[in-house]
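Residues per chain, in single letters:
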Amino acid sequence: MTTYTLSVFTTNTIGLLNRITIIFTRRRLNIESLNVCETERKGVSRFTIVIRHESREAVEKLVRQIRKVVDVLAVFGYLDHEIVFNEIALFKLATPLGGSPLNIKEINLDWNAKVVHWGLDYVVIEKNGTETEIAEFYQYMKNWEILEYLKSGRVAVGKTEKGLVEYLPEHEWEIV
């Protein structure tokens, strides 16, 4: 299976997420991760959608279908080598008295992670990186009691020199 990252630029419209995701449902495609955020242009949102599929043609057909949705301004499909991408994970770890101490220096320097909150009985650690890097760090974190774990969807930008404005239709977009 090949991983594809879709960047979908839209107007910020109520119900648009449902109209886009229903296309995946109809095609029986699973969304591996989904991130929606505002862009540097006021009123323009960016959906970053990660899917895994064996057929490039099926993904290209999906992209063409998404482009037909009203309020979708542009859609781009990328392979991993065509983008810069990352995810973020938060680990809430128990730190009971007498428990195994955390090696904060190792976490910072070797794993490139950081403590973002100290509680009386727990600590929250943030790790940024690829899905693989976060999975490896998760295995390391299993040495302590993980109270909570969550991971964001992928965020990504294309490795092109152009920015968003060059892909959008002619319009006087206000910069946020």
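Predicted model only: the values in this text are computed from it and were never measured.

Thresholds, definitions, all that
Within each chain, residues carry numbers counting from 1 in the order of the written sequence. Per-residue local features are limited, in this predicted model, to residues with pLDDT of at least 70; the limit for side-chain atom pairs, both in listing and counting, is 80 or more; totals at the level of whole chains, interfaces and linings are taken over all residues. Only hydrogens and water are set aside when side-chain values are computed; all heavy atoms of the structure are taken into account. Cavities and pockets were defined on a 1 Å grid built over protein atoms only: a cavity is a set of grid points that admits a 1.4 Å probe from which the probe cannot escape, a pocket is an open set flanked by protein on both sides within 12 Å along at least five of seven lines, and lining residues are those with an atom within 4 Å of any such point. Grid points are joined across faces, edges and corners, and a volume is the space filled by probe spheres set on the points. Secondary structure elements are taken from DSSP: a helix is a run of H or I of four residues or more, a strand is a run of E of two residues or more, and numbering for both begins at the N terminus. Only protein chains enter the accessibility calculation, which uses a 1.4 Å probe; a residue whose area is less than 20% of its type maximum is buried, one above 50% is exposed, and one in between is partly exposed. The contact criterion used throughout is that any non-hydrogen atoms of two residues lie within 4.5 Å. UniProt positions are given in the numbering used here, feature names are shortened, and annotations may be inferred rather than shown by experiment. Buried residues of nine kinds, namely Ala, Val, Leu, Ile, Met, Phe, Trp, Tyr and Cys, make up a nonpolar core once their side-chain atoms join them within 4.5 Å.

## Here's the deal with the layout of surface pockets
- In this structure, the largest pocket encloses a volume near 160 Å³.
- Looking at the largest pocket, the residues that line it are Tyr4, Arg56, Val59, Glu60, Val63, Arg67, Gly77, Tyr78, Leu79 and Glu82.
- Broken down by secondary-structure element, the contributors of at least two residues to the lining of the largest pocket are helix 2 (56–67) and strand 4 (72–79).
- The element best represented in the lining of the largest pocket is helix 2, accounting for five residues.

## Digging into the environment of Leu34
- As for its position among the elements, Leu34 is in strand 2 (residues 31–38).
- For Leu34, a relative accessible area of 34% corresponds to the partly exposed category.
- In this structure the C-alpha to C-alpha distance between Leu34 and Arg154, which are 120 residues apart in sequence, comes to 7.1 Å.
- Those residues within four positions of Leu34 in sequence are excluded, and the remaining contacts are Leu17, Phe47, Thr48, Ile49 and Gly153.

## A closer look at the side chain of Ser45
- Considering the arrangement of structural elements, one finds Ser45 in strand 3 (residues 44–53).
- Using a relative accessible area of 8% as the deciding quantity, one classes Ser45 as buried.
- Beyond its immediate sequence surroundings of up to four residues, Ser45 is in contact with Val8, Phe9, Thr10, Asn12, Val36, Cys37, Glu38 and Thr39.

## Focus on the UniProt feature "domain: ACT" (unreviewed entry) in the chain
- Per the UniProt record, the feature "domain: ACT" (unreviewed entry) sits at residues 5–86.
- Strand forms 45% of residues 5–86 and helix 28%; the C-alpha atoms that close the span are 12 Å apart.

## A short note on the nonpolar core
- Counting 19 residues, the largest nonpolar core has Leu6, Val8, Ile20, Phe24, Ile49, Leu62 and Ile66 as its most contacted members.
- Listed by contribution, the elements that provide at least two residues to this core are strand 1 (2–11), helix 1 (16–26), strand 3, helix 2 and strand 4.
- Look past the residues within four positions of Ile66 in its chain and what remains in contact with it is Leu6, Val8, Ile23, Phe24, Val72 and Val75.
- Residues Ala89, Ala113, Ile125 and Met141 belong to the second largest nonpolar core, which totals 13 residues.

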